[in-house]
Every structure is written in structure tokens, then in C-alpha cells.
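# Observations on the three-dimensional arrangement
Listed below are the residues making up each chain.
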Amino acid sequence: LVDEYWTGEHEVNGMIEIPAGKKLTLRDVTVSMSGYSEGDYVNSGLEVKGSLQTQGTVNLKNKNIFSKFKGITVLGNLSGESISINGAWRGITLLPSGNVNLNQLTITNCTTGMHLLGGTMASISGTISNCEEYGVKEDGNGTYSYEGLAITGCGRSRYKDGKAE
């Protein structure tokens, strides 16, 4: 396995795993996610055990009009300039071993924008909008800083300490 660099347009049909010790760089890219249905979502997305680096304009979007793709699960590092996620089940799922450090984040039309189960999230600016359930759902202890995110049009803006806002 080697580090990879994507640019342009790509279609992903299934799960992409970035193994520990490896890096995927996305630069000025649009990635359309599709795959087979697993109930409420499509088995397609990114599982980051290594490093996902964004440069320029990065768009992840759902190609399936009937189901959402899984989104990005972060066990390693997600960092860079900006990323836009549209039509995911969970835009970003942050696990205890994960680290997210983005300058700009846009999440739209997801079931939940960010599901935080631990790990570290550095200060981020941007928007989370039109998510069916939550903009941000904190279900685990971690270090989270996302005050720069505007959360609008979601079922609930936030869930923290067992309480929905």
C-alpha cells in the first residue's frame, strides 16, 4: 500500500480505508459516493485510520438519491484547508483515537452532521445545515472546539451530556 493523491472527479462504490501509516491527499476534487444499500444508508464512505489531508476545494457528495453514504469515520487524522460533505448518514464520526483539524467545514443534508465519540477536534469555522437529527452529537469524552460553526435548519442543533438543544 502507498500514499495516494487525488484530484479532479472520482466515483467511489464502497468503503475506502486509509490504513494506519498511510495518507490520502484530496486536492481540488469532487468525490461521488455510491454503493449497495444497508438499510438507511449506502455502504460507501471513508474510514481514516491513517491520514486524510485536504487541499483546495474538496467535495464529498452522495450519488444515490434514495439513501445516504456513511460519511467519514476518523480514527487517525483528518486535516487541511476545507471539506464539504453532502448527503451522508454521519458527515464526520470522530472516534477516541481520532484527530480533526480543518480550517473550513461545510456539512449539509446529512442525518447527523458530526458524531463525536472521543478524540480531538480543533477550532473549525463553517456551517452545518439541514441535518435531519443533529448538527453535532457529543456522545463521548474528548476535546472539542467547534464554536466557529454555524448550525442551522437541523432537527436539533446539538446533543451534549444527555440533553438536546
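Residue numbers restart at each chain and count upward from 1, following the sequence in its written direction. The model is predicted, so local features are restricted to residues of pLDDT at least 70 and side-chain atom pairs to those at 80 or more, both for listing and for counting; the totals for chains, interfaces and linings are taken over all residues. Excluding hydrogens and water, the side-chain values take into account all heavy atoms of the structure.

### Here's the deal with the overall build of the protein
Secondary structure summary: the protein contains zero helices and 18 strands in total. A radius of gyration in this sense is built from C-alpha atoms; the matching globule rule multiplies 2.2 Å by the number of residues raised to 0.38. The C-alpha radius of gyration computed for the protein amounts to 14 Å, which stays within 12% of the reference 15 Å derived for 165 residues, consistent with globular compactness. Exposure categories follow from relative accessible area, calculated using a 1.4 Å probe and restricted to protein chains: below 20% of the type maximum is buried, above 50% is exposed, and the middle band is partly exposed. For the protein, the proportion of its 165 residues judged to be buried stands at 47%. Expressed as a percentage of contacts within the protein between residues at least 6 apart in sequence, the contacts between residues at least 24 apart total 40%. With the model as given, the accessible surface of the protein reaches about 7,600 Å², and the carbon-plus-sulfur share is 43%. Positive: Lys, Arg. Negative: Asp, Glu. His and the chain ends are not part of the count. The atom standing in for a charge is NZ when the residue is Lys, CZ when it is Arg, CG when it is Asp and CD when it is Glu. Separation of charge centres in the protein, based on 14 positive and 17 negative side chains, amounts to 2 Å. Strands here mean DSSP runs of E at least two residues long; helices mean DSSP runs of H or I at least four residues long; both are numbered from the N terminus. Residue contacts are defined here by distance: any two heavy atoms, one from each residue, within 4.5 Å place the two residues in contact. Method for areas: the Shrake-Rupley scheme with a 1.4 Å probe, in which residue coverage is limited to the protein chains shown.

### Regarding the environment of E138
Structurally, the position occupied by E138 is in strand β14 (residues 134–138). Taking the relative accessible area as the measure of exposure, E138 reaches 13% and is therefore buried. In the structure, E138 is positioned 24 residues away from M114 in sequence and 8.2 Å away in space, judged by C-alpha atoms. Dropping the residues within four chain positions of it, E138 is found in contact with L116, Y144, Y146, Y159, K160 and D161. Between N or O atoms, a polar contact is any pair within 3.5 Å; within protein, one atom must be a potential hydrogen donor and the other a potential acceptor, and residues adjacent in sequence are included only when both atoms are from side chains. A distance of 2.5 Å separates polar atoms of two side chains, one belonging to E138 and the other to Y146.

### Considerations on the side chain of N43
Following the sequence through the fold, N43 ends up in strand β5 (residues 41–48). With a relative accessible area of 12%, N43 lands in the buried category. Within polar-contact distance, the side chain of N43 engages the side chain of K70 at 3.2 Å. Setting aside its immediate chain neighbours within four residues, N43 contacts G14, M15, S34, G35, Y36, E38 and K70.

### Considerations on the side chain of T108
Locating T108 in the fold gives a position in strand β10 (residues 99–108). On the basis of relative accessible area, T108 is assigned to the buried category, the value being 16%. Beyond its immediate sequence surroundings of up to four residues, T108 is in contact with I85, N86, G87 and S129.

### Considering the environment of Q53
As for its position among the elements, Q53 is in strand β6 (residues 51–62). Sequence separation between Q53 and N101 is 48 residues, and the spatial gap between their C-alpha atoms is 9.7 Å. When residues no more than four places from it in sequence are discounted, the contact partners of Q53 are K23, L24, T25, L26, S79 and G80.

Honestly, that's just the spatial picture; any functional story needs more than this.
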